[in-house]
Amino acid sequence: TNQSVEELLERFTSGSKRQRLSLVKTIEERAEELAALAQAALASFDPDGDDWAAGWILQVFQRHQPQVLPSLLSSESRGWFSTPSAVGIDYEPLQRDLLAENFEEADRFTSATLRKLAGPGAEQRGYVYFSEVHAINGLDLVTIDRLWTAYSQGRFGFTTQARLLNALDGRYHSLWARIGWKHEGTWTRYPGSFTWSLSAPEGHMPLINQLRGVRLMDAVLHHPSLVARR
Ligand code: UYC
């Protein structure tokens, strides 16, 4: 259509979730014009938040106009979103992989970071005990969750998984099919059978291995700092 890219941005920024989703293709088609006002395009978004509209604009630049990205990245987080950590973890690799839609790498970073956050025992054993989750720093869990939300149009992340579980009255056996972790009663095989892209079902990522039962995932989704975000 013949509306200006400024008008388009205004509608994308202030619109409802549904209006925004109807505009993502148009935003993508006009990436070049958007790049000319890259700073302004992101000015109304909060780097401390998790607004997926900002994440989507950044992904559009990454795909079509990557030269504008460096000027948009903060020197502190080396990404657009802030990534505070209470324990000195650098989330730049996660933000970079999510921006570039390298979801499998982002997922591996996420599980490795959960082990690190859970302590040296979890790192040595190679997986987290559910009983270690309550002591995990909430600020770091929220940083991870914000990034997954922001770079997935709000479709991935722990709070999305928790919301889907809640809508199913806590029935995990129904959740598995909903998030694509089970097909016709068979577990989706790691890593090759998961869908490592934005076309994955809602809640598909990040993965939590179910080999040792559901209690780890249940503890993560019910961590107080994540419950507070739903
Ligand atoms: N795997 O099937 N998974 C592994 C998932 C199960 C198994 C890793 C998710 C079912 C074995 C991750 C699902 C199952 C290993 C995930 C899934 C199973 C492994 C990396 C759908 C058999 C290697 C390691 C629910 C029926 C040995 C990690 C091992 C690895 C994720 C088998 C991220 C979401 C019940 C044998 N699977 N996993 O643990 O011990 O992070 O790692 O969930």
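See the structure printed just above.
Residues numbered from 1 in each chain as written. Predicted model: local features only at pLDDT ≥ 70, side-chain atom pairs only at ≥ 80, totals over all residues. Heavy atoms only, no water.

*Asks:* Just give me the short version of the packing of aromatic side chains, but keep the residues and values in it.
*Replies:* What the rule picks out here adds up to 14 aromatic pairs. A centroid spacing of 5.6 Å and a plane angle of 85 degrees characterise the contact between F103 and F156, whose relative ring orientation is edge-to-face. Here F103 is found in helix α7 (residues 103-118), whereas its partner F156 is found in the loop between α9 (138-150) and α10 (158-167), with 53 residues between them in sequence. Assigned by exposure class, F103 and F156 land together as buried. Judged by centre distance (5.6 Å) and plane angle (10 degrees), the ring pair of W176 and W181 falls under stacked. Overall, the relative accessible area of 3% leaves W181 in the buried class. Feature note: the residues Y172, W176, W181 and W187 constitute an aromatic cluster, connected by ring pairs. (Phe/Tyr/Trp six-rings, centres within 6.5 Å; stacked < 30°, edge-to-face > 60°. Helix = DSSP H or I, 4+ residues; strand = E, 2+ residues; numbered from the N terminus. Buried < 20%, exposed > 50% of the residue type's maximum accessible area, 1.4 Å probe, protein only.)

*Asks:* So what's going on with the side chain of T159? Residues and values would help.
*Replies:* For T159, the position within the fold is in helix α10. In terms of polar contacts, T159 uses its side chain to reach the side chain of D145, at 2.8 Å. Contact partners of T159, with chain neighbours within four places excluded, come to D145, T149, L226, R229 and R230. (Polar contact = N/O pair within 3.5 Å; in protein donor to acceptor, adjacent residues only side chain to side chain. Contact = heavy atoms within 4.5 Å.)

*Asks:* Lay out the packing of helix α6 (residues 92-99) against α7 with the relevant residues and their values.
*Replies:* Between α6 and α7, whose axes approach to 8 Å, the crossing angle comes to 155 degrees. Here α6 is positioned roughly antiparallel relative to α7, judged by the angle of their axes. Remark: the crossing between α6 and α7 carries left-handed chirality. Every residue of α7 that contacts α6 at P93, L94, D97 and L98 is listed here: F103, E105, A106, F109 and T110. Its residues assigned to classes, the contact of α6 with α7 shows six nonpolar, one polar and two charged. (Axes fitted to C-alpha atoms, helices over the stretch in contact; angles between N-to-C directions. Parallel < 35°, antiparallel > 145°, perpendicular 65-115°, else oblique. Left-handed = near helix turned anticlockwise from the far one by under 90°. Nonpolar A, V, L, I, M, F, W, Y, C, P; charged D, E, K, R; others polar.)

*Asks:* Please provide a residue-by-residue account of the site of the ligand, values included.
*Replies:* Lining the immediate environment of the ligand, one finds W181, W187, T188, Y190, F194, L207, I208, N209, Q210, L211 and R212. The separation between an oxygen atom of the ligand and a polar main-chain atom of Q210 is 2.9 Å. L211 places a polar main-chain atom, nitrogen or oxygen, 3.4 Å from an oxygen atom of the ligand. Here the ligand has 780 Å² of accessible area as a free molecule, and 65% of this is covered by the chains. Residue classes in the shell around the ligand are distributed as seven nonpolar, three polar and one charged. (Near = heavy atom within 4 Å. Areas by Shrake-Rupley, 256 points an atom, 1.4 Å probe, with all protein chains shown as cover.)

*Asks:* Explain unusual backbone geometry to me, using residue names and the numbers behind them.
*Replies:* Cis geometry marks the peptide bond from Y190 to P191, where omega comes out at -5 degrees. Structurally, the position occupied by P191 is in the loop between β2 (186-187) and α12 (215-221). Of the consecutive residues M205 and P206, the connecting peptide bond is found in the cis state with omega at -5 degrees. Tracing the chain through its elements places P206 in the loop between β2 and α12. Phi is positive for R78, which is not a glycine, with a value near 55 degrees. With respect to the element layout, R78 can be found in the loop between α5 (52-64) and α6.

*Asks:* Describe in detail the environment of R178, supporting the description with residues and values.
*Replies:* Inspection of the secondary structure assignment puts R178 in helix α11 (residues 172-178). Separated by 17 residues in the primary sequence, R178 and Q161 have C-alpha atoms spaced 9.8 Å apart. Discounting residues that sit within four places of it in the chain, R178 has contacts with L164, L168, P201 and E202. Side chain to side chain, R178 and E202 meet in a polar contact 3.4 Å long.

*Asks:* Report on the environment of E92, specifying residues and quantitative values.
*Replies:* Mapped onto the fold, E92 is located in helix α6. Contacts of E92, omitting those with residues within four sequence positions, involve S77 and R78.

*Asks:* Describe α9, listing the residues and the values that go with them.
*Replies:* For α9, spanning 13 residues, the distance from its first C-alpha to its last is 18 Å, which sits close to the expected 18 Å at 1.5 Å a residue. Of all 13 residues making up α9, twelve are buried, and the element is well covered by its neighbours. Here α9 has its buried residues at G138, D140, L141, V142, T143, I144, D145, R146, L147, W148, T149 and A150. Where α9 is buried, its residues contact α5, α6, α7, α10 and α13 (224-227). (Expected span 1.5 Å × (residues − 1).)

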